[in-house]
Protein chains: 2
Amino acid sequence: MIAKNYKDMLQAKSVIREFSEYATKRGQEIGYENVFDYSLGNPSVPVPDTYTENTIRLLQNENPGSLHGYSPSTGLLSFRQKVADSLNRRFGMNYTADHIFPTSGAAGALAHAIRCVTEPGDEILTFAPFFPEYNPYVNLSGAGLKVVPADTQTFQINFEKLEEMLTEKTAAVLVNTPNNPSGIVYSADTLQKLSDVLNRKAAKYGQDIFLLSDEPYREIIFDHADAPYVSKFYKNTLSCYSFSKSLSLPGERIGYVAVNPACTDAKQLVPMMAQISRGIGHNCPTALIMRGVEDVLDLTSDMSIYETNMNLLYDKLTELGFTVVRPGGTFYIFPKALEEDAKVFCQKALKYDLILVPSDSFGVSGYFRMAYCIDTEKVKRSLTALERFVKTEYPDAMNK
Amino acid sequence: MIAKNYKDMLQAKSVIREFSEYATKRGQEIGYENVFDYSLGNPSVPVPDTYTENTIRLLQNENPGSLHGYSPSTGLLSFRQKVADSLNRRFGMNYTADHIFPTSGAAGALAHAIRCVTEPGDEILTFAPFFPEYNPYVNLSGAGLKVVPADTQTFQINFEKLEEMLTEKTAAVLVNTPNNPSGIVYSADTLQKLSDVLNRKAAKYGQDIFLLSDEPYREIIFDHADAPYVSKFYKNTLSCYSFSKSLSLPGERIGYVAVNPACTDAKQLVPMMAQISRGIGHNCPTALIMRGVEDVLDLTSDMSIYETNMNLLYDKLTELGFTVVRPGGTFYIFPKALEEDAKVFCQKALKYDLILVPSDSFGVSGYFRMAYCIDTEKVKRSLTALERFVKTEYPDAMNK
């Protein structure tokens, strides 16, 4: 019979999508260059030319049968080895190819990692604010997602609530740093504390608790800082990565899971993920994309535009009286709305052709997200609109 | 906790893989050109040059941001529209883009189609002999696979057994024509009878019964025959296609589900599949591959080599006394073994460097599969080995 739960999901509307669709419609009326569309996290800088040149060379020179042939069920060995080498070099880890499982982006990585370390009915904890897709990612796997409330002062971890909510039912904890939507990078201190809690609770309950680390924004770090590598802090870590943002290849669906070599059953988890693939019809990312990416692992698109945009927005937002934690990375910023109901606030902003996304679906009320992966020139023009919006609708904001 | 069912799956050995690994090992000893490796269904003819040229042109000329950008959750509209047009032109259907859901090959297509039309606990019937991956495809979705025994005279459908086994619990029937492993193409007569049974049972039980049609071999048809298009015969049909074989692109993971426009909830099924993707981390095939394939939809690799190989093998097998139904398509042939235990038979063949796969995992005992997607020159050389094998080990076979 027609599957009821998936049919029911068609009724649920995505707020991000609603605002994004409005932006497209409005763009048709007044020209999209006049819509300050901060709704979507789509990279705005091109892939490095080296990637394109490499891929053309592969298509021109390689035997098509081997270039386009089936990959092993655990992915191309060359890709896995090169990812391990790159992570070891950059983060002082000791991965081998056996610890790397290529996937169709971070979504594919999480789909496999979640199924690997949970049984149906297990709980996974995550921290508000969080990427709303974690709901279907976790809940449709058979596990259940529980959300630890935000520490809205810093958007680091609310440890008091974590201690309360982490029980025998918790199979895994899911973190996302640098964070969508807050732009915050977890500090080494935060990660060490988290590791301590997980080790203590795991010992108390006599069971493994896994750390699923969703890291698509790992390469977008501001102020020349180094983001701590999550897996360094806790052995039972599965790092879920995507090249969507670092190489601006979101449509090409390429990423991986990296299993910490000290993890429980470390050598078995990747073969298990290959079994999981059989059930969910994944069967590896495309071979051509693995081949193209494996030779540019240490390159990124030009990320400096995101930092430029962040600084422009952060300065203007604080000047206008917004409460906002300064992002340490990503292309998101997450200010407090100027009235309690963020949806009403974002609706009012539409009058100024500012497309902001209210925070409710991220698990926090009263905030909004701006995705500033757009042209800097447009960011600059949007500042005038932002100022006009605030001064007209919230004349007292700057005096608070 | 570590997921037990996936861990347990690591113990199960794939017979196809075992024989294939032996072939690789033996190749290292005596040179792979001397191993008559009929174990794997990997296409042996290259992708059409037009595909490669198109893809290079896309990489050279397109804006990388739009070429590599996120696809909509239901896939690229251009790809969907062109697939619909091609199917309408070739098979007299009336698909629109709304009925086409792009997937990562037939495995991805089945993963979505199965979840769309079943609730956990529902049964799916398939027919022996069948592709062994149907077991994880179905069983890991939450539905259960039941296998209708083979009609070994023709390898068409055993309707007597189908009538017995099709009950209120049956949510869908899964067919694969042209068939792996038998190479048989279901006749129009078979498909009409199947449709009649499904319509009658659906009316009797007052419920929809869906037909999942797995068609990766649709373009590999012999004797210039036209294979009947399954969806023409039954309205509740979801056709699951892959370009892996027709374009020799198995590593690039590209295919689709085509929902019959007269199907129950036809317009909702594709949006539902996009919801299913969120749960299984699929999120569309890669954009570059969709763009490359959409302009060569009516092309195929040169399939004539498979027919040449089939004829060489069929003639020699019948000459040597094998019972074998002549394939109508694919690159498989499925003769009866010369002793009851097909595994023993295939083990003996290894002495002659013939890599044959015993039939047990395909749901029939006493047969073996040969995948003749290899060079014709090698097929010719293998005939001598085959003859020597039979005459030495089964000297009476030709007199039966």
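Conventions used here
- Residues numbered from 1 in each chain as written.
- Chains lettered and ligands numbered in written order.
- Predicted model: local features only at pLDDT ≥ 70, side-chain atom pairs only at ≥ 80, totals over all residues.
- Helix = DSSP H or I, 4+ residues; strand = E, 2+ residues; numbered from the N terminus.
- Buried ≥ 20, exposed ≤ 12 C-beta atoms within 10 Å, placed from the backbone.
- Contact = placed C-beta atoms within 7 Å.
- Least-squares fit on C-alpha atoms with pLDDT ≥ 70 in both.
- Pairing = 2+ DSSP bridges.
- Axes fitted to C-alpha atoms, helices over the stretch in contact; angles between N-to-C directions.
- Parallel < 35°, antiparallel > 145°, perpendicular 65-115°, else oblique.
- Left-handed = near helix turned anticlockwise from the far one by under 90°.
- Domains from an automatic or database assignment.
- Nonpolar A, V, L, I, M, F, W, Y, C, P; charged D, E, K, R; others polar.
- pLDDT = per-residue confidence, 0-100.
- Expected span 1.5 Å × (residues − 1).
- Core = buried A, V, L, I, M, F, W, Y, C linked by C-beta atoms within 7 Å.

Trainee: Would you mind going over the overall build of chain A in detail, with residue names and values included?
Mentor: Helices and strands together make up the secondary structure of chain A, namely 14 helices and twelve strands. Projected onto its principal axes, the C-alpha positions of chain A cover 60 × 60 × 55 Å. When burial is assessed residue by residue, chain A has 51% of its 400 residues classed as buried. For chain A, the proportion of contacts with a sequence separation of at least 24, taken over those separated by at least 6, is 73%.

Trainee: Give me the relation of the copies chain B and chain A: which residues, what numbers.
Mentor: Of the transformation placing chain B onto chain A, the axial shift is 0.0 Å and the rotation is 180 degrees, giving an RMSD of 0.0 Å. Those values place the two copies in the arrangement expected of a two-fold rotation axis. Most of the interface of chain B is mirrored in chain A, where 100% of its interface residues again form contacts.

Trainee: Break down the pairing of strand β2 (residues 100-103) of chain B for me, with residues and values.
Mentor: All names here are of chain B. With burial as the criterion, each face of β2 is covered, one bearing I100 and P102 and the other bearing F101 and T103. Examined bridge by bridge, β2 and strand β8 (residues 255-259) share four bridges and lie antiparallel to one another. Bridge assignment links P102 to a residue of β8, and that residue is Y256.

Trainee: Quick one: what's the story with the packing of helix α3 (residues 49-61) of chain B against helix α11 (residues 287-294) of chain B, residue by residue and with numbers?
Mentor: Residues and elements named next belong to chain B. Put simply, α3 and α11 touch, their axes get as near as 9 Å, and they point 130 degrees apart. By the angle class used here, α3 and α11 are oblique. In this structure, the crossing between α3 and α11 has a hand that is right-handed. Of the residues in α11, those in contact with Y51, N54, T55 and L58 of α3 are L288, R291 and G292.

Trainee: Report on the domain arrangement of chain A, specifying residues and quantitative values.
Mentor: Residue and element names in this part refer to chain A. Each domain of chain A was delimited in the assignment, giving domain 1 (4-47 + 302-399) and domain 2 (49-294). When each unit is reduced to the centre of its C-alpha atoms, the spacing between domain 1 and domain 2 is 27 Å. Between domain 1 and domain 2, the contact holds 25 residues from the first and 31 residues from the second. Counting only elements with at least two residues in the side of domain 1 that touches domain 2, the list comes to α12 (304-319) and β9 (332-333). Ranked by residues supplied to the side of domain 1 that touches domain 2, first place goes to α12 with three residues. Taken together, the residues of the side of domain 1 that touches domain 2 sort by class into 15 nonpolar, eight polar and two charged.

Trainee: Can you tell me about the sheet that holds β9(A), naming the residues and giving the values?
Mentor: Residues and elements named next belong to chain A. In spatial order, the strands read β9-β12-β11; together these three strands make up an open sheet with antiparallel pairing. What marks the edges here is a single partner per strand, and that holds for β9 and β11 (357-358). By the bridge criterion, two bridges tie β9 to strand β12 (residues 368-371) in an arrangement that is antiparallel. Looking at β12, one finds that I333 is bridged to M370.

Trainee: Outline the interface of chain B and chain A, listing residues and values.
Mentor: With 66 residues of chain B in contact, the opposing surface of chain A contributes 66 residues. For the side of chain B that touches chain A, the element with the highest residue contribution is helix α10 (residues 266-280) of chain B, accounting for eight residues.

Trainee: Please set out the sheet that holds strand β5 (residues 170-176) of chain B residue by residue, giving values where relevant.
Mentor: Residues and elements named next belong to chain B. Across the sheet, which stays open at both edges, the seven strands sit in the order β2-β8-β7-β6-β5-β3-β4 with mixed pairing between neighbours. Of all strands in the sheet, those with a lone pairing partner are β2 and β4 (144-148), marking the two edges. For this sheet the average axis-to-axis angle between neighbouring strands, irrespective of direction, equals 20 degrees. Both strand β3 (residues 123-127) and β4 contribute to a ladder of five bridges, which runs parallel. Bridge assignment links I124 to a residue of β4, and that residue is L145.

Trainee: Would you mind going over the environment of E307(B) in detail, with residue names and values included?
Mentor: In this fold, E307(B) is placed in helix α12 (residues 304-319). On a C-alpha basis, the gap between E307(B) and N94(B) in space is 31 Å, while along the polypeptide they are 213 residues apart.

Trainee: Break down the pairing of strand β5 (residues 170-176) of chain A for me, with residues and values.
Mentor: Residues and elements named next belong to chain A. The element β5 is largely enclosed, with a buried count of seven among its seven residues. Examined bridge by bridge, β5 and strand β6 (residues 210-214) share five bridges and lie parallel to one another. Among the inter-strand pairings, N176 is bridged to a residue of β6, identified as D214.

Trainee: Quick rundown of the packing of helix α6 (residues 105-116) of chain B against α10(B)? Include the residues and the values.
Mentor: All names here are of chain B. Running from N to C, α6 and α10 cross one another at 110 degrees; their axes reach a closest spacing of 9 Å. As the angle between them shows, α6 and α10 are arranged roughly perpendicular. As α6 runs across α10, the sense of the crossing is right-handed. Along the contact surface, α6 presents A111, H112, R115 and C116, while α10 presents L269, M272, M273, I276 and I280. Split into classes, the residues belonging to the contact of α6 with α10 amount to seven nonpolar, one polar and one charged.

Trainee: Tell me about the confidence of the model for chain A, and name the residues and values.
Mentor: Averaged over chain A, the pLDDT score is 96; the fraction of residues at 70 or greater is 100%. Scoring of the predicted complex yields 0.96 for pTM and 0.94 for ipTM.

Trainee: So what's going on with α10(B)? Which residues, and what values?
Mentor: Residues and elements named next belong to chain B. The terminal C-alpha atoms of α10, which comprises 15 residues, lie 22 Å apart, in line with the 21 Å expected from a rise of 1.5 Å per residue. Every buried residue belonging to α10 is among L269, V270, M272, M273, A274, Q275, I276, S277, R278, G279 and I280, and all of these are buried. Backbone geometry just after α10 places G281 at a positive phi near 70 degrees.

Trainee: A description of the nonpolar core should follow, citing residues and the corresponding values.
Mentor: Formed by 247 residues in total, the largest nonpolar core has its most connected members in Y372(A) and Y372(B). With residues up to four places along the chain from it excluded, the contact list for Y372(A) reads Y38(A), Y306(A), N309(A), M310(A), L313(A), F331(A), I333(A) and V379(A).

Trainee: Lay out helix α5 (residues 77-91) of chain B with the relevant residues and their values.
Mentor: Residues and elements named next belong to chain B. In a regular helix each residue adds 1.5 Å, so 15 residues correspond to 21 Å; α5 covers 21 Å between its end C-alpha atoms and thus fits that length. All of the buried residues along α5 are F79, R80, K82, V83, A84 and L87. Contact partners of the buried residues in α5: β2, β8 and α11. Downstream of α5 by a residue or two, G92 has a phi angle that is positive, lying close to 65 degrees.

Trainee: Can you break down unusual backbone geometry residue by residue, with the values?
Mentor: All names here are of chain A. For the bond from T177 to P178, the omega torsion is -10 degrees, close enough to zero to count as cis. Locating P178 in the fold gives a position in the loop between β5 and α9 (188-205). You will see that R253, though not glycine, has its phi angle at about 55 degrees, which is positive. Mapped onto the elements of the fold, R253 is located in the loop between β7 (237-242) and β8 (255-259). Residue classification places R253 among the buried positions, given that 32 C-beta atoms sit within 10 Å. Although it is not a glycine, D265 sits at a positive phi angle of roughly 55 degrees.

Trainee: Give a detailed account of the environment of G255(A), specifying residues and quantitative values.
Mentor: Residue and element names in this part refer to chain A. Inspection of the secondary structure assignment puts G255 in strand β8. By the C-beta count within 10 Å, which is 28 here, G255 ends up buried. Each C-alpha atom, one on G255 and one on P285, is 8.1 Å from the other, the two residues being 30 residues apart in sequence. The residues contacting G255, other than those within four sequence positions of it, are T103, G105, A106, G108, A109, Y241, S242 and F243.

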